[in-house]
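Structure at a glance
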Amino acid sequence: MNSKEDTRILLIYTGGTIGMVQDAQSGELRPFAFSKLNDHMPELHQLPLKLDAITTQQPIDSSNMNFSHWVELVNLIKAQYHAYNGFVILHGSDTMSYTASALSFMLVNLNKAVILTGSQLPLGVVRTDGKENLLTAIELAAAKRPDGSAKISEVCVYFEYKLYRGNRCIKYNAEHFEAFKSPNYPLLAEAGVHITYNDQYILAPASDAVFKVNTTLSNALYVLPLFPGMNLNNCVPLSALKSVKALILHTFGAGNGPTSDWFTTYLKSVIDSGILIVNVSQCKAGAVIQGMYQTSMQFKALGVISAGDMTLEASITKLMVLLGQSQDPKWITHCFETNICGERTTTYEYKPV
Ligand code: ASP
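Quick summary incoming for the structure in this document. (Residues numbered from 1 in each chain as written. Predicted model: local features only at pLDDT ≥ 70, side-chain atom pairs only at ≥ 80, totals over all residues. Heavy atoms only, no water.)

**Describing the packing of helix 5 (residues 261-272) against helix 6 (residues 294-302)**
Between helix 5 and helix 6, the shortest axis-to-axis distance is 11 Å and the interhelical angle comes to 20 degrees. The angle between the axes of helix 5 and helix 6 places the two elements in the roughly parallel class. Classified by chirality, the crossing of helix 6 by helix 5 is right-handed. On the side of helix 5, the interface is formed by F263, T264, L267, K268 and I271, while helix 6 contributes Q298, F299 and L302. (Axes fitted to C-alpha atoms, helices over the stretch in contact; angles between N-to-C directions. Helix = DSSP H or I, 4+ residues; strand = E, 2+ residues; numbered from the N terminus. Parallel < 35°, antiparallel > 145°, perpendicular 65-115°, else oblique. Left-handed = near helix turned anticlockwise from the far one by under 90°. Contact = heavy atoms within 4.5 Å.)

Next up, the structure:
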């Protein structure tokens, strides 16, 4: 007979709405001591597994998430990697897709599930969505293949009955329980009466390669959103880009932007000063295809790198990890254009029909 000890899950609490209770008198939301989790969720005892819970050094609203938190999470997982079958991270929803994307690039050759979840209403509120999110996230992290290995071996986000690939999802709704979407990649699983797995979309387990972590990150990047009516005054001056290694252009549609001379001259001066330029679309679905319109030909001619169908979150965090590993623009460009862990479909190339 299986014992509870056969499956061990580590729950890591980083903060966010899920870990709050509503004060009975004042109604205000405040964090509860996470050691009291079982008081709020006695159901956890009924799970057929051994669950250990820990809290990161300082639980935070996820708007305060930064490199030190990501490194802390990655080091915690590294230290406990062989002791647990899977990991669940409780995290505020606001920046959950950034953390999920960052972890997907920081945890290399992952062979276990790392599932981030949270909630729109705190656990201590009667109508909370947190209980279902947490219970099912644990079940997903504990799921096994027939050979006993983890069913899911990638970083995911679970929210409101849906399991998303972490580096493909975005937070798009601050009001609804269904807070996330994955416009460019199908769901990995859906929970109803039963959990339906979309096996063909789940990453295959990493080969025999050894699990390792990347913990050197760089924020030497700048994001420039394009908008109609902009001029040179809206572009960050070259003198302010001294420590920057990559400039993300947040472009229109399939990766388009102004063709005005002032803009092309500006971009050329950025490239000439050794800064990589990356093209990420403001559209949530579809991909950057440089050369499809005349209004992206100038980018292609300048050697701007296409983010394809990557989210802005995945593009930013992937650059942070790559810039942390190397100063070599050729290597960074190659890796950025390569699908590392399911974050991009292909390198999109426009082929006229
Ligand atoms: N502001 C909160 C956070 O991201 C919202 C949430 O927890 O969902 O930490």
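**Considerations on the nonpolar core**
In terms of nonpolar packing, the biggest core is built from 54 residues, with I77, L103, L107, V114 and L319 touching the most fellow members. Ranked by residues supplied to this core, first place goes to helix 7 (residues 312-325) with eight residues. Contacts of V114, omitting those with residues within four sequence positions, involve I77, F87, I89, L103, L107, E154, V155 and C156. The next biggest cluster of nonpolar side chains, apart from the first, holds 32 residues, and it includes F32, A141, C156 and A189. (Core = buried A, V, L, I, M, F, W, Y, C linked by side-chain atoms within 4.5 Å. Buried < 20%, exposed > 50% of the residue type's maximum accessible area, 1.4 Å probe, protein only.)

**So, the site of the ligand**
All residues adjacent to the ligand are G16, T17, D61, S62, G92, S93, D94 and S119. Measuring from an oxygen atom of the ligand, one finds a backbone N or O atom of T17 at 2.8 Å. Here a nitrogen atom of the ligand and a side-chain polar atom of D94 are 2.8 Å apart. Here the shell around the ligand is composed, by residue class, of no nonpolar, six polar and two charged. (Near = heavy atom within 4 Å. Polar contact = N/O pair within 3.5 Å; in protein donor to acceptor, adjacent residues only side chain to side chain. Nonpolar A, V, L, I, M, F, W, Y, C, P; charged D, E, K, R; others polar.)

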